[in-house]
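What follows is the residue order along each chain.
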Protein chains: 2
Amino acid sequence: MSLPHALLGLLAAAPATGYELAREFESDLGRYAWQAGHASIYPELAKLAARDLVRVVDQGPRGSKTYDITEQGRAELRSWLLHRSGDGVVRNEGVLRMFLIPTLDPDDQRSVLTAIAEETAAAEAELRERLKGGTDPRCSPRAELGLLAGRFGLGQYRATHEWATRALEELDARVADSRRPN
Amino acid sequence: MSLPHALLGLLAAAPATGYELAREFESDLGRYAWQAGHASIYPELAKLAARDLVRVVDQGPRGSKTYDITEQGRAELRSWLLHRSGDGVVRNEGVLRMFLIPTLDPDDQRSVLTAIAEETAAAEAELRERLKGGTDPRCSPRAELGLLAGRFGLGQYRATHEWATRALEELDARVADSRRPN
DNA sequence: CTCTGACATGTCAACCCTGACATGTGGAGC
DNA sequence: GCTCCACATGTCAGGGTTGACATGTCAGAG
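You'll find chain A entered in an unreviewed UniProt entry as PadR family transcriptional regulator, with Pseudonocardia humida given as the organism.

Next up, the structure:
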């Protein structure tokens, strides 16, 4: 249950409508930190507003409401960020897959590991390109969030790629080993 | 909703009771792949049994039931592992915190980043020790799951540590920068 | 002027997960 | 023999999440 804190964090960087927040979750944030759809975001914003952690600061054309974080909201966010217990909710389908790879036979293992190696290489390259491409054309106030997070993603992709590559090498070595000595 | 596949994967490595599976989720698996408590495991095992993906192969003393995966279960697991769409559920409170660090003022940022750097270094060392300590005293059939997964964890910890260290350096540089030139 | 698509918000049933409650057994130590 | 603890399974209410349904507006292309 970290959705309220995710929203507080995004609003701490810049005011936004629920719609804009929902789109934020579709990019890097949702890719490796926390997912949320508009169906959970709108009700959560209402709840946060009721607790005075956020506030509607503007009402635009299409019934849009722009939210901003309040002082109390900032205090809540800060306390959540500082009192990290080290653990928390972890749920990652991709990592689970990696855990279970050894249950496959060698050919299938190779196929999955190869796919992972390729995907992480591509993802890393794509992300690196995106980060290099300046701090966004529109120089958003969330650029710094994106920069730090992006570099984190880069490191994760690289580590995963190296892991998969090494696993592939060992797999090949083991197969070669079991074929030869008879 | 990958719990059924997590269970199929564990059972593919070796038959086990629900209780043993629940403990499996308390270690590395639950730490960085997928969490589950016995309250969701027991009902899920019943559902899997109803779909003939697992089967009760033994009933022990304290009303314990040992489950094993069936041929259909193996097929389902394999298809899930091979047809990776690249994405899936991602929910990680720790990573979310990292995303939101830039919303803090420099002093708080330093404190959080330092904590992360220390924790990841400690976690890496502890994990490395555990992996080195032989392939388990009891040479479990799940040892290989643990080895590959453990090395993955090692890489992630290291990458995160390096990321935090670099962020700290830049933070210091920026603070020094803004203090001097006036 | 019409149509399309992005903008924008909302609800609801179904499903999943968590924490608390509930129950009972077998072995080891005193 | 008793007591404690790990073993072992289960249910259930409350809360979070998802996907589908529902509605409506504004701007730009044709």
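Asker: Before we move on, can you summarise unusual backbone geometry with the specific residues and values?
Answerer: Residue and element names in this part refer to chain A. Look at Asp52: it is not a glycine, yet its phi comes out positive at around 65°. Within the fold, Asp52 resides in the loop between helix H4 (38-50) and strand S2 (54-59). Judged by relative accessible area, which is 45%, Asp52 ranks as partly exposed.

Asker: Before we move on, could you go through the protein's contact with DNA strand C and cite the residues and values that matter?
Answerer: For DNA strand C, the set of nearby residues contains 21 residues, the closest of which are Tyr19(A), His38(A), Tyr42(A), Lys65(A) and Arg62(B). Close to the protein, within 4 Å, the atoms of DNA strand C are drawn from sugar and phosphate at a rate of 68%. Taking Tyr19(A), its main chain carries an N or O atom lying 2.7 Å from a phosphate oxygen of DNA strand C. Side-chain polar atom of Tyr42(A) to a phosphate oxygen of DNA strand C: 2.8 Å apart, as the coordinates give it. Here the surface near DNA strand C is built from residues that sort into 8 nonpolar, 7 polar and 6 charged.

Asker: Report on the sheet that holds S2(A), specifying residues and quantitative values.
Answerer: All names here are of chain A. If you walk across this open sheet you meet the 3 strands as S1-S3-S2, and the pairing is antiparallel. Edge positions in the sheet fall to strand S1 (16-17) and S2, since each of these pairs with one other strand and no more. By the bridge criterion, 5 bridges tie S2 to strand S3 (residues 65-69) in an arrangement that is antiparallel. Directly across from Asp58, in S3, lies its bridge partner Thr66. Along the sheet, helix H1 (residues 3-13) contacts S1, S2 and S3; its crossing angle with S3, the most-contacted strand, is approximately 95°.

Asker: For H4(A), give the residues involved together with the corresponding values.
Answerer: Residue and element names in this part refer to chain A. When the terminal C-alpha atoms of H4 are compared, their 18 Å separation across 13 residues agrees well with the 18 Å that a helix rising 1.5 Å per residue should span. Considered for burial, the residues of H4 that qualify are Ile41, Glu44, Leu45 and Leu48. One side of H4 carries all its buried residues, which in axial view fall inside an arc of 110°. Turned more than 90 degrees off the buried face of H4, the exposed positions are Ala39, Lys47 and Ala50. On the buried face of H4, the contacting elements are H1, helix H2 (18-24), S2 and S3.

Asker: I'd like a description of the protein's contact with DNA strand D, backed by residues and values.
Answerer: Neighbouring DNA strand D are 21 residues, the closest being Arg62(A), Tyr19(B), His38(B), Tyr42(B) and Lys65(B). Expressed as a percentage, the sugar and phosphate content of the atoms of DNA strand D within 4 Å of the protein is 69%. At 2.7 Å, a side-chain N or O of Lys65(B) approaches a phosphate oxygen of DNA strand D. Secondary structure elements with two or more residues in the surface near DNA strand D: H4 of chain A together with helix H2 (18-24) and helix H4 (38-50) of chain B.

Asker: Requested: an account of the packing of helix H6 (residues 93-100) of chain A against helix H5 (residues 71-82) of chain B, with residues and values cited.
Answerer: A packed helix pair is summarised by two numbers, namely the angle formed by the two axes and the spacing between the axes. Two numbers describe how H6(A) lies on H5(B): the axes approach to 10 Å, and their chain directions differ by 125°. Accordingly, the angle class assigned to the pair H6(A) and H5(B) is oblique. Of the two elements, H6(A) crosses H5(B), and the hand of that crossing is left-handed. Touching Glu93(A), Leu96(A), Arg97(A) and Leu100(A) of H6(A) are Leu77(B), Trp80(B) and Leu81(B), all from H5(B). A class-by-class count of the residues in the contact of H6(A) with H5(B) yields 5 nonpolar, no polar and 2 charged.

Asker: Tell me what's going on with the relation of the copies chain B and chain A, and back it up with residues and numbers.
Answerer: Once chain B has been moved 0.0 Å along the axis and rotated by 180°, it coincides with chain A to within an RMSD of 0.1 Å. Here the transformation between the copies is reduced to the relation of a two-fold axis. In terms of proximity to the rotation axis, the leading residue of chain B is Arg91(B), whose C-alpha is 2.4 Å off the axis. The fraction of interface residues of chain B whose copies in chain A are also interface residues reaches 100%, indicating that both copies meet through the same surface.

Asker: Talk me through the pattern of salt bridges; I want residue IDs and the actual numbers.
Answerer: Inspection of every chain in the model, using the stated rule, returns 28 salt bridges over all chains. Its salt-bridge partner being Arg110(A), residue Asp172(A) comes within 2.3 Å of it at the nearest N-O pair. With Asp172(A) in helix H8 (residues 143-179) and Arg110(A) in helix H7 (residues 106-132), this residue pair connects regions lying 62 residues apart in the sequence. Residue Asp172(A) is classed as partly exposed on the basis of its relative accessible area, which comes to 38%. Of the residues examined, Arg110(A) reaches a relative accessible area of 24% and is grouped as partly exposed. When the shortest N-O distance is used, the salt bridge between Arg97(B) and Glu93(B) registers 3.4 Å. One end of the pair is Arg97(B) and the other is Glu93(B), both in helix H6 (residues 93-100) and 4 residues apart, which spans about a single turn. As far as burial versus exposure is concerned, Arg97(B) and Glu93(B) are alike and both buried. In the salt-bridge network here, residues are joined through shared partners; they are Asp28(A), Arg31(A), Glu126(A) and Arg130(A).

The rules behind each value
Residues numbered from 1 in each chain as written. Chains lettered and ligands numbered in written order. Predicted model: local features only at pLDDT ≥ 70, side-chain atom pairs only at ≥ 80, totals over all residues. Heavy atoms only, no water. Helix = DSSP H or I, 4+ residues; strand = E, 2+ residues; numbered from the N terminus. Buried < 20%, exposed > 50% of the residue type's maximum accessible area, 1.4 Å probe, protein only. Near = heavy atom within 4 Å. Polar contact = N/O pair within 3.5 Å; in protein donor to acceptor, adjacent residues only side chain to side chain. Nonpolar A, V, L, I, M, F, W, Y, C, P; charged D, E, K, R; others polar. Pairing = 2+ DSSP bridges. Contact = heavy atoms within 4.5 Å. Axes fitted to C-alpha atoms, helices over the stretch in contact; angles between N-to-C directions. Expected span 1.5 Å × (residues − 1). Arc of directions from axis to C-beta. Parallel < 35°, antiparallel > 145°, perpendicular 65-115°, else oblique. Left-handed = near helix turned anticlockwise from the far one by under 90°. Least-squares fit on C-alpha atoms with pLDDT ≥ 70 in both. Salt bridge = Lys/Arg side-chain N within 4 Å of Asp/Glu carboxyl O.

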